[in-house]
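Listed below, chain by chain, are the residues.
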Amino acid sequence: MGLALDKRVLRIVVIFGVVSLLADMSYEGFRSILAPLIERSYELGAVVGIGEVIAWGLRPLTGVIADITARYWLLTITGYALVPVGILIAVQGWPWLAIGYSIERFGKALRSPARDYLLSSIAGKRRGLVFGIHELLDQVGAVLGPMMAALAFMGYYGLWVLSVPGAFSVVALLYAMDLYPKTAMTPKRHSIYESFKGGLWPALYVFLAGTMTANPIAIQEVAKIILSPSKAVLAMLYAAAMLSDAAAAIPLGALYDRAPRAAALLPPLFGILAGLAALAMGHSVVGIVLASLLSGVAIAGYETVARAMVKGGATGYGVFGLSYGAATAASIIIYSLLAIKIGRMIVI
């Protein structure tokens, strides 16, 4: 089985990837500095927890709305438009930070099921490769965003600049809509039940695997508690995870198209290794960097292999998103608590 994609489909997928690249520069850049901006761990947990509940918890609802109304493009465009709005509010400081972050996360919930359905509708038998290409470009933005944030911390410009790429993502999305095949844009109302079934098993898979994976934000907490690095270094640790995510996305996606079962085993394996590295080697810079890189590979698998497993309409992607969000929240809580215990043991 070759890796070739129809040229028009490839072009659309790449543009969708550029849309995510630009949006990620905004919101992943901001997410990378949540730990240094919010000094108290319980406040960080509250802001991130509420944001993740919004971003992931509402996805089944937005997926159902997308399938019932068939307004996939409207929901996708509106969701991306909320990225710069949320960031501009968030950079005003507390409590606007929590409000703006929640708005940006709501935009994520609004667009993701509809966007993933639009991508899957043109993927054919190359679902893994399509999501791999999208994830690669998505993570390029996730690497550039924390770098932008680090430069902001160094005083080169204000944090408001993080909103600019997000605004351009909407322009790129409108271009993708213009190129999208008109036959594929015909409104379809999917069976909610069948769409739900199409996302159920991938949802169970990603919950079990994702809970075992040390999330990059949790790894930042380990570094903050044990190593006390600068804010810029914390942002760069997040960028390292996003970089390995980008590098692994296409290989994992292409592997899924050839050997789905083998591809499904790799993300949880790398996730467990990331957790072991963070807990056993978290006292050293090498250990924290290694954990970040391993975590990025695991995330690449969840964003490509697991997304490719979903079949049906936007509801299936919404169910998948809810499960993935629950796993992310559980991972952050578990590893943050373990990091605090490790930090106390080292001090003693």
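Residues numbered from 1 in each chain as written. Predicted model: local features only at pLDDT ≥ 70, side-chain atom pairs only at ≥ 80, totals over all residues. Heavy atoms only, no water.

Caption draft 1: Inspection of the overall build of the protein at higher detail. Within the protein, the regular secondary structure consists of 14 helices and zero strands. N-terminal to C-terminal, the α/β element order of the protein is α-α-α-α-α-α-α-α-α-α-α-α-α-α. Across the 348 residues of the protein, 59% fall into the buried class. Sequence-distant contacts, at least 24 apart, represent 85% of the contacts inside the protein between residues at least 6 apart. Within the structure as shown, the protein displays about 14,000 Å² of accessible surface, and the carbon and sulfur contribution to it stands at 74%. (Helix = DSSP H or I, 4+ residues; strand = E, 2+ residues; numbered from the N terminus. Buried < 20%, exposed > 50% of the residue type's maximum accessible area, 1.4 Å probe, protein only. Contact = heavy atoms within 4.5 Å. Areas by Shrake-Rupley, 256 points an atom, 1.4 Å probe, with all protein chains shown as cover.)

Caption draft 2: Region of the structure containing the packing of aromatic side chains. The tally for this structure, following the rule as stated, stands at eight aromatic pairs. Taking 4.4 Å as the distance between ring centres and 35° as the angle between the ring planes, the aromatic pair formed by Y72 and Y117 counts as tilted. Of the two residues, Y72 sits in helix α5 (residues 72-90) while Y117 sits in helix α6 (residues 96-121), which places them 45 residues apart along the sequence. Taking the relative accessible area as the measure of exposure, Y117 reaches 7% and is therefore buried. Here a set of aromatic residues connected by ring pairs shows up, and it is made of W56, Y302, F320 and Y324. One cation-aromatic arrangement involves R59 over W56; the distance from NZ or CZ to the ring centre is 3.8 Å. Note that R111 overlies the ring of Y80, its terminal NZ or CZ placed 4.4 Å from the centroid. (Phe/Tyr/Trp six-rings, centres within 6.5 Å; stacked < 30°, edge-to-face > 60°. Lys NZ or Arg CZ within 6 Å of the ring centre and 35° of its normal.)

Caption draft 3: Structural context of the packing of helix α1 (residues 7-31) against α5. Packing of α1 against α5 brings their axes to within 9 Å, and their N-to-C directions diverge by 30°. It follows that α1 is roughly parallel to α5 by the angle criterion. Along this stretch, α1 crosses α5, giving a crossing that reads as left-handed. In contact with F16, V19, S20, A23, S26, Y27 and F30 of α1, α5 contributes W73, Y80, V83, I87 and A90. Among the residues forming the contact of α1 with α5, the class breakdown is ten nonpolar, two polar and no charged. (Axes fitted to C-alpha atoms, helices over the stretch in contact; angles between N-to-C directions. Parallel < 35°, antiparallel > 145°, perpendicular 65-115°, else oblique. Left-handed = near helix turned anticlockwise from the far one by under 90°. Nonpolar A, V, L, I, M, F, W, Y, C, P; charged D, E, K, R; others polar.)

Caption draft 4: Representation of the environment of V18 in the model. Here V18 is to be found in helix α1. For V18, a relative accessible area of 32% gives the class partly exposed. Counting along the chain gives 119 residues from V18 to L137, while the straight-line C-alpha distance between them is 6.2 Å.

Caption draft 5: The arrangement of the side chain of S295 in detail. On the secondary structure map, S295 appears in helix α13 (residues 285-309). Judged by its relative accessible area of 0%, S295 is buried. For S295, the residues in contact, after removing those within four places along its chain, are T213, A214, N215, P216, I219 and A274.

Caption draft 6: Expanded view of unusual backbone geometry. Unusually for a residue other than glycine, A70 sits at a positive phi of about 60°. Position of A70 relative to the elements: it lies in the loop between α4 (59-69) and α5.

Caption draft 7: Structural context of a nonpolar patch on the surface. Where nonpolar side chains cluster on the molecular surface, the patch consists of L88, W160, V164, F168 and V171 and spans about 490 Å² of accessible area. Counting residues per element, the nonpolar patch draws most heavily on helix α8 (residues 164-179), which supplies three residues. With respect to the helices and strands, V171 occurs in helix α8. (Patch = residues over 30% accessible without salt bridge, like charges linked within 9 Å, V, L, I, M, F, W, Y side chains within 5 Å. Salt bridge = Lys/Arg side-chain N within 4 Å of Asp/Glu carboxyl O.)

Caption draft 8: How the structure looks around the nonpolar core. F16, F30, L34 and Y72 are the most contacted members of the largest nonpolar core, which has 85 residues in total. Top element by residues in this core is α1. It accounts for twelve residues. Among residues more than four places away in sequence, those in contact with L34 are L44, V48, L97 and Y101. (Core = buried A, V, L, I, M, F, W, Y, C linked by side-chain atoms within 4.5 Å.)

Caption draft 9: Broad picture of the pattern of salt bridges. Taken as a whole and judged by the stated rule, the model has five salt bridges. Connected through salt bridges with shared partners, the residues R115, D116, E135, E303 and R307 form a single ionic network.

Caption draft 10: View of helix α7 (residues 127-153). If you check α7, its first and last C-alpha atoms are 39 Å apart, about what 27 residues at 1.5 Å a residue would give, namely 39 Å. For α7, the buried fraction is high: 21 of the 27 residues fall into the buried class. (Expected span 1.5 Å × (residues − 1).)

Caption draft 11: Quick look at the packing of α1 against α6. Running from amino to carboxyl end, α1 crosses α6 at an angle of 160°, the nearest separation of the two axes being 12 Å. Between α1 and α6, the angle is such that the two are roughly antiparallel. Like other packed secondary-structure pairs, α1 and α6 cross with a definite hand, here left-handed. Across the interface between the two elements, V13, F16, S20, Y27, F30 and R31 from α1 touch L97, Y101, E104, R105, K108, R111, R115, L118 and L119 from α6. For the contact of α1 with α6, the residue count by class is eight nonpolar, one polar and six charged.

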